[in-house]
Structure formats: structure tokens, C-alpha cells
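Single-letter residue listing:
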Amino acid sequence: MVFVASVPFVVSVIAIATHRTHSASILVILGMIAAVIASNRAKMNVRLRSNKWGQSWTDIVVLVGLTIAPPPWVVLCTAVGVVIGRLLARVSPLKVAFGAAKDTVWASAGAGVLYAYGADFRDGPPVFHAIALVLAFLALTVVDELIANPVIALAAHTPLRQHFLRYLDIRIGFGAARLVVAVFVVWLLSVNQDAQLVLVAPLLILTLHLWYSGRIRKRDERISWQRLASSAEALNDVDLGRVLEVAVEWSPDLFSADGAEVELFTDPPRVVRGAGGKIDAEAKWPSDAFVITTVLEDRAAKRPIGEFRLRFGGPVTLNEMENYKLRTFASALNTAIHNATAYTELQRVAIVHAHDAAHDALTGLANRRQLIDQGQQLIAEGHADGVLALLLLDLNHFKEVNDTLGHAAGDEVLKVVADRLKAAARPTDLVSRLGGDEFAVLLTGLPAPAIATHRSERLVAVLHEPIEVEGMRISVEASGGIATAPSTGGIAELLRRADVAMYQAKRSGQRIAAYSHARDTADIGRFAITGSMSSAVADGTLTVDFQPIVDLASGEVLAAEALARWHHPDHGTVDPLRFLETVERSGLLPAFAEAVLDQALLACVSWREAGFDLPVAVNVAPRSLLDPRFPGSVMTRLRTHDLPTDRLILELTETLTISQLEVVDQVLGRFRDEGVRLALDDFGTGYSSLSVLSRIPVHELKIDSEFVSSMETSPEAGAVIRSTVDLGRSLNLAVVAEGVDSEPQRRALWEMGCTAGQGHLFARPMTAARLLATLHRGSGGRPGMLAPALHDEGAVIRLSPHRRPVPRQRGERLPHLGG
């Protein structure tokens, strides 16, 4: 550009030096130079990246100058004026040279148009036709646009067409106004009617300058705020990575920066960097880059979480509006980061909860719920990819490991077994732990049913290698049952068949047994039970009887235990042990438990309304306690029946293992916090009585009927009862004896300190309505009593050496049971 401009500049100098052109007065020359300097100082500046570009008024000065002075002098004065004006503005030498060259070129273009129109300056300033002035102005404007736009677009990293169309309407209007002002000034000078009228020109130029500046500023502000709103909307994303990328892509154009960067103070730090609206993770910023940094912070914790940085090629000072935009953008970015982080955390928690709900806490294997869900889905989809089979495994003599080495060692064995099964199974198979020492493997895609036995043998074989625990080598044996997916009955029937096969293997001493319909001695009955249980609740064949729990001293009824009964239409009354085992090993347990609980609570409500406020005890299967949804279901039913929580006693089996207790701790804690009473059933028969008691927050202990029936003939049974009563007294727990069938048993238990019991001496299990009638009838004319008192009221009683006062809670008639 400098080389191109040097040609007209040198030509103009030669023309002046050789007197080939009309001379100009010193006043005109100085006036033109001063006017050019003033027009450069009063230009409209726009910042692009770290550079400033402006629109000056030099074209008016040049056009007027061409009408009063020879073109060489105009070109020379323009170049000198631009250089002086730029130097006064303290711009870089490169910009001084470019500005002077550009204005020199388009001043020469205007002069060339006038020369082409026939202007002759040798005899003084000629008189121009208005068309010539318009054409000269158009030449000035077109040349200026052709030179300036490519350079500015290149510096702003924007397409030439996009930059050219920016403010095009305002530029056209402003150019027309400048042309009118220039023609008006020329006309004033040509008619020379009143020289003072020329003073109007600066006022017109100032007015146009203010108008043009205002239009540009308003347009910029409107576009800028529209982009800011769009960027804030684009930041509204739940993906944190995308939020950071949007900030880096949008901000350079929004703030006319060369690049942007967002850094989060995570471990390790997370940095997203880019330039020109594109992400460039490998980009390295120059060490001398000018950077404007904004701190991002966690408003709640009031601590910095990161920084947002804008990079410029040189020093930049943001104006008030730009600073406000930057604060607004940083606030939107801060909010977007917070929201995306919170969403990510919610997703993580949801994934963890979903995983925990479908996996065993101890081993990490799939749990019963996942096995049932996935098995049911595979059965429903059919067997297009092969036969579906289930291997059910039970570790033999695992109880001895717990008894000998403790439950920590037992849990370690379970984890090793789980790892070995997982490693030996195929990726498409599902290995799960059903609870305790029971595992299952869902075998998929088998080419034939017979292959199931072969693969199961291989899985069981990996358990034969001794396991080293606490310096001891333990041999683990397992019994397994195999069953293929049935045509009817779904996953519940598949579990049942595998369970039958497993017990067949145990009885026969085999490692593996495949399910055989012919060998399923309980097949007809158990199949009928499994198939009919789902409809037993609806048709009324599943009922609940109640056996009262009685104060041994007074004969007063304290509570009643709910006992499930099933009257099968074809098989008559089904033994509870028979159908309860089937229910617990199938997918029917939740529905069964809800039905029994509903009937028990309805009976409790009916007794309360009749004036007998008795708690009801309901047995809970261990696997129900492994379901985190179980407490919510129980509490919902208590609220539905409008019963206080202490009117329900949940009886827990003592066969819970320590590893199961780790899972059910939260469930039992929920019941305890809600006020539901807990009882430990058949206390003393398990292998870990004290261990289980130390973990479960129970309110009462129930002595198994086996000890009660043997207490008169077996000193050991009596010792167990006496120690249980003493333990209950020391822990402030109520003790209930089961199987009290005679008066001698009742008296002996009372003398040992046992205060409550249940058995045939008082009443056999009966319906809720019949129990209510029995309560009304009472004993000896006393409602609510089922037996005469052991001693008359007011009698002096001589206690046996073992008899001690039973601690009671304040406000209770009897320990714990009465509530």
C-alpha cells in the first residue's frame, strides 16, 4: 500500500517543484493540513481485537480542497495532515504509514476523476459541475472501502462479506450526508456571497459526527446484547464440558478478543481453550499476550472455582458497557457451571443408587431383584439366542466357617466365591448373590439344555481350590441345582425348580443335580402352590389367624401374633412351612407380605374399636429386610389404617447372617426411629444369638417352643430359658415364651422371671373375629383375660431365688408389649 501511495505522492511533489501546477496560498495549504489533522482527531473509533479502527472526515476536506487548490497540493496536504494527526494520536508507525498511504491513494483517485472530467488548474481553481463533485466523492468512498475493508476483516478474523455488510445501511446514509455537506461548502465558496456562512460547515460536520456515532453505538449495543442473550441461552446446558466449550466459542466474538480460556480448579485442573470461535486444546498463548481475567466462584461456599480469561494481541481497555457485559457473561457462565455440576452430581448419585438397588453390598454381584428382573425379561423375549438356564448354588457347612473363624472371615469367603464365579462365568451370564451363602448364575444362549450341566460343573469346580483366610486354608464345597426356563410360571418357577434340584443334590450327596420333573416329589403340590399363590390373596383363600400373647401372672392378653393360613381349593389346608418356603424362594414374597400385613392391621383396628388396644405381631422374612422399599410400604399401611406405629411388632428370624445385617441395618434403624417394635423370634436356636442381638435394635426376645417343651425334663433347656430371661432383664427387653401348653410350664416360666407367653394353654390360633369374641367373653367374668391369675389380688407371694423384678418403662402396664 505504501508503494502504491508513493507514486501519486512523488508525482505531486515533482509537479509542485517544477511549477507545472498552479500554486496555492500558504493560508490554503495550512488550512487544508489543519483540517485533515482535525478530521483524523475527531473520527469514530471501533475496537477490533486489540486494534482500533475509525471513520474520519478527511473525504470532505479533500473534496473541498480539490475545488480551491490544485490536486498535487491537495494530495501533499492530505499525506502530511494524516501523518501529523496519527502521530499526535500516538498510534504505531505501521498504522501511521497505512493511514497516510490509504488517504493519499483515495485523494489521488478523487483528483483523477476531476482531471478526467476536464478540470484545468493552471489558471486558478476551475468551476465544477455538481456531477463532477459527486463522481469525485464516489471515487473517494469506493477506493476507501476497497482498501480498508479487507484489512479490517483480516485483523478481525471475520469473512470479508460479513464485515462489508456490517453497518452498510448506516455507512450509505452517512456517506450521502457527507456528500451534501461537501457540496454545500463548495457552493458557499464558489458563490462567495458571505464568507461567514462557511463557519456553518463545522457545525454540520459536528452534527453528522454525533448522529453517526450515536447510530453506530446504538447498533453495536443492540447487537451486543442480542449476542449476550444468545450466549447465555447457549450456556444453559447440563453437560459441563459443553458449557465450557460454549463459553470459549462465543466469548471471542462477543468481546472482540483473539481467544478465550476457562479453567476450573478441579483435581486435576480442567482447562478449555480456543481462538476464533473454535476449540483448540493444543493452543499455546504467547507469553506477552494481554489477558483479562474474571474469577468464577461458588456463591454458596464463597470460594473461587475457576477463572475465565480473554486474550488480546495487545493492551486493551474495556469501556463501561464492555465491562458490564463481561460481568454479566461471567455470572451466566458461573450459574451454568453450577447447574451442570449439580446435574452431573445428581446423575452420579442416581447411578450409584440404581447400582446399589440391583447389586449385593458385600460382593458387588447382582442381587435377587436384578436376577428376577433380567430373568423375567429374557423369558418374556423368548429363547431366540438359545436356551436359558439357572444354576442355584448353596455353600455346604458355611455355618461352621462363621462359628469357627467369625463372620469377618465368613464374609471374606463369600467375596472370594463371588470373584471366582464372576471370573469363570461368560460375559453374557448373570452371576448373583441371593443372600446368605446362596448364589445363582443365569446361563444364557445355551445351544442345548444338556450344555447347562457341563457349564455348571465348570463353575462349581472353581470353588474347590482352598481359600486362604487369616492364614488358614479353607475348603469350600457347594451343592448346585440346574433348571431350564419353563414354558409357564416365569422366573418364579425357574427359581423354584433350581431350588428343588439343589436340595436333590444335597440329599443325594452330589455336587450338581439337574431338575427332574419325575424326581420332584413335591412337584404337583408345590407347582400348584406357586401357580395359585398369586391369586390366593384376591380370592380369600389366604387368611391370617391370630394367637394371643398373655401375661403369665394375670392371664391378661397383651398382644396377638399373626399366623398366615392357606386353604387351597384342591389341596385343602396347606402346611405353612410348605407354602412359606415356596413364597420366600419365589418372586411372590412382597405381595404375600403386604397381604398378611394388611389383614393383621385390619384386625388390630377392629380390636381397638371394640376397646381392646392390642399390638399385633407379624413375622418378617429375612429377604423382606433386604428390600430398602419395605419400611416405606409398612409405614404407608400403618398410616392408611390410622394406627400408631407402636401397635405393630415385627418378628425377625435369628437366622440373619452378619453380612445380611450390614444390609438391613438401615431398614431396622428406620423402623426403630418410626416407633415400630422389633422382636427376635426363636431366640437361642441360631448359631449367632449374641452377635445378632448386638446388631438388631430389638424390644423383645421370644423363647423357642422347643426349650419350653423340654424344660421339665432337660436341665439344659431350663438353663437356656433362665439365661435368656436374665439377658432380657439386663438389656431391658421383654421376654415371651412360645409353646406354653400347660399350667406347670406357665408357673415355672413365671418363677424364672418370664412375664409373657403364648401357647395352647391360653388359646390356639383363631380368626380375628373369634379372638374378639373370646376377649369379650374373657375368663372368670373378666374381659380381656384368657386364664385365671396365678395368685389372688393382694396375696403375699414368695418368689423363687431366680425370680427378680422385671424393669418396666414409665407409663407402661407391662414391659414393652402393651405399648
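Residues numbered from 1 in each chain as written. Predicted model: local features only at pLDDT ≥ 70, side-chain atom pairs only at ≥ 80, totals over all residues. Heavy atoms only, no water.

1. Examining the nonpolar core
To keep it simple, the criterion reads: Within this scheme, the nonpolar core is defined by two criteria: the residues are buried Ala, Val, Leu, Ile, Met, Phe, Trp, Tyr or Cys, and they are joined through side-chain atoms within 4.5 Å. Relative accessibility thresholds used throughout: buried, under 20% of the residue-type maximum; exposed, over 50%; partly exposed, between the two (1.4 Å probe, protein chains only). Secondary structure elements are defined from DSSP: runs of H or I of at least 4 residues count as helices, runs of E of at least 2 residues count as strands, and each element is numbered from the N terminus. What makes two residues a contact is simply this: any of their non-hydrogen atoms within 4.5 Å.
By size, the foremost hydrophobic cluster in this structure holds 75 residues, and its most contacted members are F546, W607 and L648. It is helix 19 (residues 589-609) that contributes the most residues to this core, 11 residues altogether. For W607, the contacting residues outside a window of four places in its chain are F546, A560, F612, L614, V616, A768, L771 and L772. Formed by 31 residues, the second largest nonpolar core is a distinct cluster that contains A389, L391, A452 and V476.

2. Here's the deal with the packing of helix 19 against helix 21 (residues 630-640)
Definition in use: The axes are straight lines fitted to the C-alpha atoms, using for helices just the contacting stretch, and the angles between their N-to-C directions are given from 0 to 180°. Roughly parallel means an angle under 35 degrees; roughly antiparallel, over 145; roughly perpendicular, 65 to 115; everything else is oblique. Handedness of each helix crossing follows the sense of rotation of the near helix against the far helix: counterclockwise by less than a right angle gives left-handed, clockwise gives right-handed. All residues other than Ala, Val, Leu, Ile, Met, Phe, Trp, Tyr, Cys, Pro, Asp, Glu, Lys and Arg, Gly among them, are scored as polar; the first ten of these are nonpolar and the last four charged.
One can describe the packing of helix 19 onto helix 21 by two numbers: an axis separation of 10 Å at closest approach and a directional angle of 30°. Between helix 19 and helix 21, the angle is such that the two are roughly parallel. Here helix 19 runs over helix 21; the crossing is right-handed. Touching E594, L597, D598 and L601 of helix 19 are S633, V634, R637 and L638, all from helix 21. Grouping the amino acids of the contact of helix 19 with helix 21 by side-chain chemistry returns 4 nonpolar, 1 polar and 3 charged.

3. A word on the pattern of salt bridges
The condition is simple: Think of a salt bridge as a Lys or Arg side-chain nitrogen and an Asp or Glu carboxyl oxygen that are within 4 Å of each other.
Scanning the model with the defined rule gives 28 salt bridges in all. Across the salt bridge formed by R433 and D360, the nearest N and O atoms sit 3.1 Å from each other. One end of the pair, R433, is in strand 9 (residues 430-435); the other, D360, is in the loop between helix 11 (320-358) and helix 12 (368-381), and 73 residues separate them in sequence. Here R433 matches D360 in class, with each residue buried.

4. Some details on a nonpolar patch on the surface
Stated formally: Residues forming no salt bridge and having over 30% relative accessible area are the ones grouped into patches, like charges within 9 Å of each other and nonpolar side chains (Val, Leu, Ile, Met, Phe, Trp, Tyr) within 5 Å. Note that accessible areas follow from Shrake-Rupley with a 1.4 Å probe, and for residues the cover is restricted to the protein chains shown.
Side chains of I26, L27 and L30 sit close together on the surface and give an oily, nonpolar patch of about 360 Å² of accessible area. Mapped onto the elements, I26 comes out in helix 2 (residues 26-41).

5. Things to note about the sheet that holds strand 4 (residues 270-275)
Where we set the bar: Whether two strands pair comes down to DSSP finding at least two bridges between them.
The 5 strands lie next to each other as 5-4-3-7-6, forming an open sheet whose pairing is antiparallel. For this open sheet the edge positions go to strand 5 (278-279) and strand 6 (290-298), each flanked by a neighbour on one side alone. Strand direction decides the pairing type here: strand 6 and strand 7 (residues 303-312), joined by 9 bridges, are antiparallel. When the sheet's bridge partners are listed, T294 is paired in strand 7 with F308. In the packing of helix 10 (residues 240-255) onto the sheet, contacts are made with strand 3 (259-264), strand 4, strand 5 and strand 7, and the angle to strand 3 comes to roughly 150°.

6. What about the pairing of strand 8 (residues 387-396)?
Taken residue by residue, a regular strand's side chains alternate between the two faces of the sheet. Among the 10 residues that make up strand 8, 9 are buried, leaving the element largely enclosed by the rest of the structure. Bridge count between strand 8 and strand 10 (residues 438-446): 7 bridges; the pairing is antiparallel. Pairing of D394 across the sheet is with E438, part of strand 10. By the bridge criterion, 8 bridges tie strand 8 to strand 13 (residues 477-484) in an arrangement that is antiparallel. By the bridge assignment, L391 is partnered in strand 13 with I482.

7. Thoughts on helix 15 (residues 449-461)
What counts here: The directions from the helix axis to the C-beta atoms are what the arc is built from.
Of all the positions in helix 15, only A452, R455, S456, L459 and V460 are classed as buried. The arc enclosing the buried residues of helix 15, seen along the axis, measures out at 140°, which places them on a common side. Residues A450 and H454 are exposed on helix 15 and point more than 90 degrees away from its buried face.

8. A few points about the side chain of S479
Which entries qualify depends on this criterion: N or O atoms closer than or at 3.5 Å make up a polar contact, with two conditions inside protein: a donor-capable atom paired with an acceptor-capable one, and, for residues adjacent in sequence, both atoms drawn from side chains.
By secondary structure assignment, the location of S479 is in strand 13. Accessibility expressed as a relative area gives 4% for S479, which makes it buried. Here the side chain of S479 touches N396 through a polar contact of 3.1 Å, side chain to side chain. For S479, the contacting residues outside a window of four places in its chain are L392, L393, D394, N396, M502, A505, K506, Q510 and R511.

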